[in-house]
Amino acid sequence: MLEPALLPTPLVDCTDGVFARAGVELRLKRDDLLHPSVPGNKWRKLAPNLAAAVEQGHTRLLTFGGAYSTHLRAVAAAAAALGLESVGLVRGEELADRPRNWSLRAAERSGMRLEFLTRADYREATGRAGAGGGGELLRRWGRCLVLPEGGSNALAAIGAAAIPAELPDLGGRDVVCCPVGTGGTLAGIAAGLPPGARALGVAVLRGGEGYLEAEVARLHRAGFGREFDNWRIDHAHHGGGYGKVPAELAAHAEEFERRHGIPVELRYVAKLLAALADLAQAGAFERGTRLTAVVTGLPDPE
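Residues numbered from 1 in each chain as written. Predicted model: local features only at pLDDT ≥ 70, side-chain atom pairs only at ≥ 80, totals over all residues. Heavy atoms only, no water.

A.B. asks: Can you help me understand the side chain of Asn-101 in this one?
C.D. replies: Structurally, Asn-101 is set in the loop between β4 (85-91) and α4 (102-109). Residue classification places Asn-101 among the buried positions, given a relative accessible area of 14%. At 2.8 Å, the side chain of Asn-101 and the backbone nitrogen of Leu-104 are in polar contact. The residues contacting Asn-101, other than those within four sequence positions of it, are Ala-67 and Tyr-68. (Helix = DSSP H or I, 4+ residues; strand = E, 2+ residues; numbered from the N terminus. Buried < 20%, exposed > 50% of the residue type's maximum accessible area, 1.4 Å probe, protein only. Polar contact = N/O pair within 3.5 Å; in protein donor to acceptor, adjacent residues only side chain to side chain. Contact = heavy atoms within 4.5 Å.)

This is how it looks when you write it as structure tokens:
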């Protein structure tokens, strides 16, 4: 059985330094504390998909991810807790014969069957699944619920839309912020905001301009039947690309953790916090703005 989630997650004031000088408040929405085995935005996005899987009588989940994918680990843990099988298609056939890293070991310990694909085959498989053409996957693996890379689909966006409802007194001075990998969390936040409040996403991958915006708009249409104009994505703080953590970014995260006693995950959350500090220092936010940064995950254990 899947353990209950901690809801609502804590809201912590973190205003200091550059934010105070800019006249901007910063608070953290601690979704990293949401669930012991399906942390952060992974629980938000997976919960409605898991409910649909059980309701539809599925016994197997199939999804995609890279060598250190939090999504793969989360799906594996959630499936095991619900008595479902899980299959993970992993980017990089060269990993098949190598010792498993800590992340893939964790997925396998939860019972996930891993299959390693060439990068070309992985792109083809994820592309077909995203376009609704997953018939070949079903022929290979049998009846299963196919979850996209990163878990971002219409149900995932609907799950993430609950985040603003846990934030009191949102209004015209509020900007709710999150890192963006596949767009599901940002799409949900924007859809769940009251009038006047805005959403800001910080892209963690390089070269996502246009593509990520199109993905968020697609998720809005699929999940809510309309598009929203209360959000934007910053593409200037990806740190060199997905999974890249420059020394300056790591130092910023370490200093933030030292000041506030809050562990900072490096591939997503650190980029979000660094972007907000840079934007505040540059005067991108009006004085009196209240930023709420959604902490979407925990630091890697290794």
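A.B. asks: Please clarify how the pattern of salt bridges should be interpreted in this entry.
C.D. replies: A pair can form between side chains of opposite charge whenever their charged atoms are brought close. Taken as a whole, this structure holds 18 salt bridges when the rule is applied. Among the salt bridges present, the one from Glu-85 reaches Arg-60, with a minimum N-O distance of 3.0 Å. Here the residue Glu-85 occupies a position in strand β4, and Arg-60 occupies one in strand β3 (residues 60-65), the gap between them amounting to 25 residues. In this structure, Glu-265 and Arg-267 form a salt bridge, with 3.9 Å as the shortest nitrogen-oxygen distance. Comparing Glu-265 with Arg-267, the two get one shared label, buried. Linked by salt bridges that have partners in common, Asp-16, Glu-255, Arg-258 and Arg-259 make up one network. (Salt bridge = Lys/Arg side-chain N within 4 Å of Asp/Glu carboxyl O.)

A.B. asks: Just checking my understanding: could you explain helix α2 (residues 41-55) for this structure?
C.D. replies: Because the α-helix completes a turn every 3.6 residues, residues three or four places apart line up on one side. The first and last C-alpha atoms of α2 sit 22 Å apart over 15 residues, in line with the 21 Å expected at 1.5 Å per residue. The largest bend in α2 amounts to roughly 30° and is located at Ala-47, with the proline Pro-48 lying one to four residues further along. Asn-41, Lys-42, Trp-43, Arg-44, Lys-45, Leu-46, Asn-49, Leu-50, Ala-52 and Ala-53 are the residues of α2 that are buried. Tucked into the core, α2 has its buried residues touching β2 (25-29), β3, α3 (70-81), β6 (145-146), α7 (154-160) and α8 (184-192). Two residues or fewer past α2, Gly-57 is found with a positive phi of approximately 80°. (Expected span 1.5 Å × (residues − 1). Bend = angle between axes of the 7 residues up to and from the residue.)

A.B. asks: It is not clear to me how the pairing of strand β9 (residues 231-234) should be interpreted in this structure. Could you clarify?
C.D. replies: A regular strand places its side chains so that they alternate between the two faces of the sheet. The pairing of strand β8 (residues 198-203) with β9 spans 4 bridges and is parallel. Along β9, the bridge assignment pairs Ala-199 with Trp-231. In this fold, β8 hands off to helix α9 (residues 211-224), which returns the chain to β9; that crossover is right-handed. (Pairing = 2+ DSSP bridges. Right-handed = clockwise from strand over helix to strand, strands pointing away.)

A.B. asks: I keep staring at the packing of aromatic side chains and nothing clicks. Help me out?
C.D. replies: Under the counting rule described, the total for this entry stands at 4 aromatic pairs. For the pair Phe-224 and Phe-228, a centre-to-centre distance of 6.0 Å together with 85° between the ring planes defines the contact as edge-to-face. Sitting over the ring of Phe-228, Arg-226 keeps its end group 3.9 Å from the ring centre. (Phe/Tyr/Trp six-rings, centres within 6.5 Å; stacked < 30°, edge-to-face > 60°. Lys NZ or Arg CZ within 6 Å of the ring centre and 35° of its normal.)

A.B. asks: Any chance you could explain the sheet that holds β6 here in plain terms?
C.D. replies: What links the strands of a sheet is backbone hydrogen bonding, and the strands pair in either a parallel or an antiparallel sense. Pairing is parallel in the open sheet, where 4 strands are placed in the order β5-β4-β3-β6. The open sheet terminates on both sides in strands that have one partner only, identified here as β5 (113-117) and β6. The pairing of β4 with β5 spans 5 bridges and is classified as parallel. Across the sheet, residue Val-90 finds its bridge partner in β5, namely Phe-116.

A.B. asks: Would you mind showing me how to read the sheet that holds β2 here?
C.D. replies: Read across the open sheet, the 6 strands follow the order β1-β2-β10-β7-β8-β9; overall the sheet is mixed. Each having just a single partner strand, β1 (11-13) and β9 make up the two edges of the open sheet. This sheet shows a mean twist of 25° between the axes of neighbouring strands, independent of strand direction. (Axes fitted to C-alpha atoms, helices over the stretch in contact; angles between N-to-C directions.)

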